[in-house]
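So you can see what is in the structure, the chains are spelled out below.
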Amino acid sequence: MKILVLGGAGYIGSHTVSELVDAGEEVVIADNLETGHIEAVNPKAKFYEGDIRNREFIDSVFENEKIDAVIHFAANSLVGESMANPLKYYDNNLYGTKVLLESMVAHGVGKIVFSSTAATYGEPESIPILETDRTEPTNPYGETKLSMEKMMKWTGVAHGLRYVALRYFNACGAHKSGEIGEAHNPETHLIPLILQVPNGQRESVSIFGTDYDTKDGTCVRDYIHVTDLAQAHILAVKYLADGGESNVFNLGNGVGFTVKEVIETARKVTGHPIPAVESPRRGGDPAKLIASSEKARKVLGWNPEHAGLEEIIESAWKWHKTHPHGYAE
Ligand code: UDP
């Protein structure tokens, strides 16, 4: 199959490309390199630099390449930024997807797998979270991702396109080679921030809130290795290629760890004391987010292989200690 990966120079995109290439698929990447990195573009993939909001650009990719399926990562994904600048999210995430779907329909490309998020649920009704639970996003990032899901649904009703939305919980870790990994600027995610301490880039890590109703008062999240997420995309493309109907799946390990447990595990992995400073809550953080991924396991046959927190942090550490400034070095 020839698969177009939009946002293939980003964190989850580059790991998915790597798994696709290893599986022998033909891969075409399109990325505007706004948050993606040219160094993360897999040399075995064909690369087009451009923006999905540019109809001529995306049309030209579909005209040059006979694409069987699209995997769509090209979106902005920071909760805090989305609160400060919601229209940026409506423009890139929603308008970008609208242009993409128009072009797909015009070129007869009818299968798409894309990144959705646990943020589509908002404050959960119950734990673990099921795909059928209420979706009430509490920020524009989650809202635009939920709207992307609905845009695909109605485009499917009208034009027969089929989609799989993958609702990620906390993506983390890095490729086993240590050659690609997480590189955001500014960094806002817990594990890379923790690892900046043993890397000599910050004195301490902040714990955002110690008064949550959880076992040690800090937030609980479901951390899922980026390579396991990548595998789920491959399975989802196969599911659509085999005739599967449009569907939504949670992707997580089904196990929650507190912020304090993550820091403690990072201390063990790095051998560094990693001082932590108890700080006020960060706005908009639910106390607990844990996925039920039973549906992905049953329907897609997904089986996360790097579920241990220690293994996840070890892989992240391998990347960060050799790339303290991301791809800049
Ligand atoms: N967090 C923290 N200190 C930090 C960054 C994050 O305590 O410097 C907490 C955050 O409040 C959340 C968890 O770590 O409970 C995971 O946050 P992250 O931003 O990595 O992912 P999110 O859950 O927001 O998608």
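Residues numbered from 1 in each chain as written. Predicted model: local features only at pLDDT ≥ 70, side-chain atom pairs only at ≥ 80, totals over all residues. Heavy atoms only, no water.

**Student:** I'd like a description of the overall build of the protein, backed by residues and values.
**Tutor:** Per the secondary structure count, the protein includes 10 helices and 14 strands. Here the C-alpha coordinates of the protein stretch approximately 55 × 45 × 40 Å along the principal axes. Scored against the burial criterion, the 329 residues of the protein give a buried share of 57%. Within the protein, contacts between residues at least 6 apart in sequence are counted, and of these 77% link residues at least 24 apart. Entry remark: accessible area of the protein is about 13900 Å², with carbon and sulfur atoms responsible for 49%. Here the protein contributes 31 positively and 45 negatively charged side chains, and the mean placements of these two sets differ by 3 Å. (Helix = DSSP H or I, 4+ residues; strand = E, 2+ residues; numbered from the N terminus. Buried < 20%, exposed > 50% of the residue type's maximum accessible area, 1.4 Å probe, protein only. Contact = heavy atoms within 4.5 Å. Areas by Shrake-Rupley, 256 points an atom, 1.4 Å probe, with all protein chains shown as cover. Lys, Arg positive; Asp, Glu negative; His and termini not counted. Charge placed at Lys NZ, Arg CZ, Asp CG, Glu CD.)

**Student:** So, the sheet that holds strand E14 (residues 288–289): which residues are in play, and what are the values?
**Tutor:** Pairing within the open sheet is mixed, and its three strands lie in the order E12-E9-E14. Because the sheet does not close on itself, it has two edges, and the strands there are strand E12 (257–258) and E14. Two elements, strand E9 (residues 220–221) and E12, share two bridges in a ladder whose sense is antiparallel. Note that in E12 the partner of Val220 across the bridge is Thr258. (Pairing = 2+ DSSP bridges.)

**Student:** Quick rundown of the sheet that holds strand E3 (residues 46–49)? Include the residues and the values.
**Tutor:** The seven strands are arranged E3-E2-E1-E4-E5-E6-E11 in an open sheet whose pairing can be described as parallel. Across the chains shown, the open sheet's two edge strands, defined by having one partner strand only, are E3 and strand E11 (247–251). For this sheet, the mean angle separating the axes of adjacent strands, direction not counted, is 20°. Where strand E5 (residues 111–117) meets strand E6 (residues 162–168), seven bridges bridge the pair, whose relative direction is parallel. (Axes fitted to C-alpha atoms, helices over the stretch in contact; angles between N-to-C directions.)

**Student:** Summarise the site of the ligand; cite the residues concerned and give the values.
**Tutor:** As a structural note, the neighbourhood of the ligand is formed by 14 residues, with Leu190, Ser206, Arg221, Arg282 and Asp285 the closest of them. Between the ligand and the protein, one listed contact pairs an oxygen atom with a side-chain N or O atom of Arg282 at 2.8 Å. Here Asp285 contributes a side-chain N or O atom positioned 2.5 Å from an oxygen atom of the ligand. About the coverage of the ligand: the protein hides 87% of its 510 Å² of free accessible area. Mapped by element, the contributors of at least two residues to the shell around the ligand are helix H6 (190–195) and strand E8 (205–208). No other element matches E8, which puts three residues into the shell around the ligand. (Near = heavy atom within 4 Å. Polar contact = N/O pair within 3.5 Å; in protein donor to acceptor, adjacent residues only side chain to side chain.)

**Student:** Which residues make up the pattern of salt bridges, and what values do they have?
**Tutor:** This structure, assessed with the given rule, holds 19 salt bridges. Note that Glu65 and Lys46 form a salt bridge whose closest N and O atoms lie 2.9 Å from each other. With Glu65 in the loop between helix H2 (55–64) and strand E4 (69–72) and Lys46 in strand E3, the pair connects residues that are 19 residues apart, well separated along the chain. Glu65 gets classed as buried once you look at its relative accessible area, which sits at 4%. Overall, the relative accessible area of 45% leaves Lys46 in the partly exposed class. (Salt bridge = Lys/Arg side-chain N within 4 Å of Asp/Glu carboxyl O.)

**Student:** Can you break down the pairing of strand E1 (residues 2–6) residue by residue, with the values?
**Tutor:** E1 sits mainly inside the fold: five of its five residues count as buried. Burial along E1 is two-sided: the residues Lys2, Leu4 and Leu6 and Ile3 and Val5 are all buried. Here E1 runs beside strand E2 (residues 26–31); their pairing, made up of five bridges, is parallel. Each bridged residue has a counterpart across the sheet, and for Val5 the counterpart in E2 is Ile29. One crossover worth recording links E1 to the parallel E2 by way of helix H1 (residues 11–22), and it is right-handed. Bridging between E1 and E4 involves four bridges; their strand directions are parallel. From the neighbouring strand, Val5 faces E4, where its bridge partner is Ile71. (Right-handed = clockwise from strand over helix to strand, strands pointing away.)

**Student:** Summarise the side chain of Ser14; cite the residues concerned and give the values.
**Tutor:** Among the structural elements, Ser14 can be located in helix H1. Relative accessible area serves as the criterion here: at 2%, Ser14 is assigned to the buried category.

**Student:** Tell me what's going on with the layout of surface pockets, and back it up with residues and numbers.
**Tutor:** Reported here for the second largest pocket is a volume of approximately 180 Å³. As for the second largest pocket, its lining consists of 14 residues, and the residues nearest its centre are Ser18, Asn42, Pro43, His175 and Ile180. Residues belonging to the lining of the second largest pocket are distributed by class as follows: five nonpolar, five polar and four charged. (1 Å grid on protein atoms, 1.4 Å probe; cavity = no way out; pocket = protein on both sides within 12 Å on 5 of 7 lines; lining within 4 Å. Points joined across faces, edges and corners; volume = space filled by probe spheres on them. Nonpolar A, V, L, I, M, F, W, Y, C, P; charged D, E, K, R; others polar.)

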